[in-house]
Amino acid sequence: MKKHLLFGGVLAIFVQAVLVTAQDEDERTVLVDNKCKCVRITSRIIPSKEDPSQDIVERNIRIIVPLNSRENISDPTSPLRTEFVYHLSDVCKKCDPVEVELDNQVVTASQSNLCNDDSETCYTYDRNKCYTNTVPLTYGGAIKMVTTALTPDSCYPD
């Protein structure tokens with residue numbers, strides 16, 4: 001029963017995403033572009049090979065596996081990651097609030113109810129997030145521990 005509900009939820013997200021995302025130049029609709037997990041999901045409507053009078057939805061799921069990714073991306077000394085897990089329901093959830101009009105009232109809603117979990121495992125740096133690490137620095141013969149930015153563009157405003 002839970003799998004049926006999960007599948008229905010994922011299907012609903014895909015249908016919603018088709019309605020709110022923009023078209024690419026080659027008529028593909030970008031459903032998900034998750035930079036944290038290195039996943040991009042697109043779809044497009046094409047004629048069916050069996051019955052050209054019918055249209056079908058073609059999904060394209062592109063996963064880039066970062067081979068030199070660390071278990072803890074903020075720690076360059078952690079071991080290399082050997083396991084990559086992709087849950088379609090997690091990749092496709094959209095937590096950004098969207099304004100929707102209901103009964104002549106504008107309300108703010110998100111397309112997922114599982115947005116409170118901030119423990120998403122990233123396989124590469126999210127360029128919009130600031131990552132730091134403490135490293136030893138030798139200065140004047142003394143070793144000091146300093147915090148350094150691993151993604152300086154996102155840590156320091158222009």
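Starting afresh in each chain, residues are numbered from 1 along the sequence in its written order. The predicted origin of the model limits local features to residues at a pLDDT of at least 70 and limits the giving and counting of side-chain atom pairs to 80 or more, whereas totals for whole chains, interfaces and linings rest on all residues. For side-chain calculations, the full set of non-hydrogen atoms in the structure is used, while hydrogens and water are omitted.

Things to note about the overall build of the chain
Here comes step 1: The way it works is that DSSP assigns letters per residue, a run of H or I at least four long becomes a helix, a run of E at least two long becomes a strand, and they are numbered from the N terminus. When its secondary structure is counted, the chain shows 3 helices and 7 strands.
Here comes step 2: Starting at the N terminus, the α and β elements of the chain follow one another as α-β-β-β-α-β-β-β-β-α.
Here comes step 3: Taken across its 158 residues, the chain has 23% of its residues classed as buried. Relative accessibility under 20% of the residue-type maximum defines a buried residue, over 50% an exposed one, and the middle range a partly exposed one, all with a 1.4 Å probe and only protein chains included.

Notes on the environment of Asn60
Here comes step 1: Note on placement: Asn60 falls in strand β3 (residues 55-63).
Here comes step 2: Take Asn60: its relative accessible area is 33%, and that puts it in the partly exposed class.
Here comes step 3: Each C-alpha atom, one on Asn60 and one on Ser43, is 6.0 Å from the other, the two residues being 17 residues apart in sequence.
Here comes step 4: The contacts of Asn60, once residues within four sequence positions are left out, are Arg28, Arg40, Ile41 and Thr42. Note on contacts: a residue pair is in contact if any heavy atoms of the two residues lie within 4.5 Å.

A word on the environment of Val91
Here comes step 1: Inspection of the secondary structure assignment puts Val91 in helix α2 (residues 88-92).
Here comes step 2: The exposure class assigned to Val91 is buried, which follows from its relative accessible area of 7%.
Here comes step 3: Along the backbone, Val91 and Cys38 are 53 residues apart, and their C-alpha atoms lie at a distance of 9.8 Å.
Here comes step 4: When neighbours within four sequence positions are excluded, Val91 is seen to be in contact with Val32, Asn34, Val39 and Ile41.

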